[in-house]
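Remarks on the overall topology
This is what each chain is made of:
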Amino acid sequence: MTCKNCKTNPVITLTNNNVQLCKDCFIKYFEKKIAKTIEKYTLIEKNDKIALACSGGKDSFTLLYLLNKFANSKKTINLFVIAIDEGIHGYRELEILKDYCKENKLQLHIYSYKEEFGDSLDEILKKNPIRSCSICGVLRRFLLNSKARELGANKLATGHNLDDEAQSILMNTFKGNIKRSAILGPITGILKDERFVRRIKPLYFMLEKEVKTYAFLKNFPVKFSECPYSNDAYRGEIRDFLNDLENKHLGTKHAIINSFLDILPILREKYKNETINSCSICSEPCSGSICNVCKLLEKVNLKRKPIQSKIL
Ligand code: SF4
Ligand code: ZN
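Now for a description of the structure that goes with this document. These numbers were taken from a predicted model, which means no experiment stands behind them.

So, on to the packing of helix α1 (residues 23-40) against helix α2 (residues 58-74). Here α1 crosses α2 at 70°, and the two axes come no closer than 12 Å. With respect to α2, the axis of α1 lies roughly perpendicular. Crossing hand, α1 versus α2: right-handed. Counting all contacts with α1, which are made through F30, E31, I34 and I38, the residues of α2 involved are T62, Y65, L66, L67, K69 and F70. Taken together, the residues that form the contact of α1 with α2 break down as seven nonpolar, one polar and two charged.

To continue, consider helix α9 (residues 233-248). The end-to-end C-alpha distance of α9, which contains 16 residues, comes to 23 Å, matching closely the 22 Å that a straight helix rising 1.5 Å per residue would cover. Those residues of α9 that fall on the buried side of the exposure criterion are G236, I238, L242 and E246. With its buried residues spanning 165° around the axis, α9 presents them on a single face. Opposite the buried face of α9, at more than 90 degrees from it, the exposed residues are E237, N247 and K248. Tucked inside the fold, the buried residues of α9 contact α7 (162-174) and α10 (252-271).

Below, the discussion takes up the pattern of salt bridges. Summed over the entire model, instances satisfying the criterion amount to 18 salt bridges. With a shortest N-O distance of 3.1 Å, E95 and K98 are connected by a salt bridge. Residue E95 and its partner K98 are located together in helix α3 (residues 95-103), separated by three residues, close to a single helical turn. Accessibility expressed as a relative area gives 49% for E95, which makes it partly exposed. Residue classification places K98 among the partly exposed positions, given a relative accessible area of 36%.

Turning to the pairing of strand β4 (residues 78-85), a few remarks are in order. Within a regular strand, the side chains alternate between the two sheet faces. Counting buried residues along β4, six of its eight residues qualify, which places the element largely inside the surrounding structure. Inspection of the sheet shows strand β3 (residues 49-53) paired to β4 by five bridges, in the parallel sense. Within β4, the position partnered with A53 by the bridge is I82. The parallel pair β3 and β4, bridged by α2, forms a crossover whose chirality is right-handed. As judged from the five bridges shared by β4 and strand β5 (residues 108-112), these two strands associate in the parallel manner.

This part takes up the packing of α1 against helix α8 (residues 208-217). Relative to each other, α1 and α8 sit at 120°, their axes nearing to 11 Å. Taken together, α1 and α8 sit at an angle that is classed as oblique. The two elements α1 and α8 cross, and the hand of that crossing is left-handed. Judged by residue contacts, K23, F26, I27, Y29, F30 and E31 of α1 engage E210, V211, T213, Y214 and L217 from α8. Taken together, the residues of the contact of α1 with α8 break down into seven nonpolar, one polar and three charged.

What counts and what doesn't
Residues numbered from 1 in each chain as written. Chains lettered and ligands numbered in written order. Predicted model: local features only at pLDDT ≥ 70, side-chain atom pairs only at ≥ 80, totals over all residues. Heavy atoms only, no water. Axes fitted to C-alpha atoms, helices over the stretch in contact; angles between N-to-C directions. Helix = DSSP H or I, 4+ residues; strand = E, 2+ residues; numbered from the N terminus. Parallel < 35°, antiparallel > 145°, perpendicular 65-115°, else oblique. Left-handed = near helix turned anticlockwise from the far one by under 90°. Contact = heavy atoms within 4.5 Å. Nonpolar A, V, L, I, M, F, W, Y, C, P; charged D, E, K, R; others polar. Expected span 1.5 Å × (residues − 1). Buried < 20%, exposed > 50% of the residue type's maximum accessible area, 1.4 Å probe, protein only. Arc of directions from axis to C-beta. Salt bridge = Lys/Arg side-chain N within 4 Å of Asp/Glu carboxyl O. Pairing = 2+ DSSP bridges. Right-handed = clockwise from strand over helix to strand, strands pointing away.

Set out below in structure tokens:
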């Protein structure tokens, strides 16, 4: 088999249409598809100030490379980078990201759990018998939103790919929590509250294997290793289940996303009037009376630095 366009050796088979592409054609295909997603869903507009969440992994590094290219060509958007240092010894290394941002004249803001909450993730887990991903995910989401807001961003770009989104849709469905899916999609915005920075996901239609291939072909200096604490067992089961289905029935993951996007407007309409309260401890938005961050911090006996609430 050869590349569909230029008859040279292929590097990948696209699973949605079984087409094979060589390195150059795949890179063009990948970049074009992301540009189309940005355009179709109006992810980026003139004068946007975009905070890009980057961990230094393959997804967010790919996003950083492409959005930087996009920002340099448009000149009317302001892009900067936020990285969260959870404090995971030997895993979260941000030196490469620092060098990349310096070389590309991108502002990089690094926030650590240690500085913001008093303990690193390693220290929190040493002192508390608690599931790592449940606390880590809540703290990271909180920091990304509040710091992007403090820094004046009107959008927060994340490196979620098609596999991540398909897993989240299935997890919410199987757990009977379809309401949570109303905040998914290539761009959020159902919860109209100025304390939430809108999230955009330009890699939304790219499969994990495509992002991995692109990062590899572009020789990005990223690590492909897994976090030593990765213990979200349910997501792991769903990931394996989906990969297995995709192997047996090509196109399953795309079908989930396409069906979901068909019903997303109905979901958003249904939940658009959900009340958003203010946490009685920290005043951040939440659905109950105390937000998940405050609940978790109390459980592990930590406090956070006060938020400088800059509302746009
Ligand atoms: Fe945090 Fe879990 Fe991700 Fe590791 S895998 S960085 S513990 S959320
Ligand atoms: Zn709170």
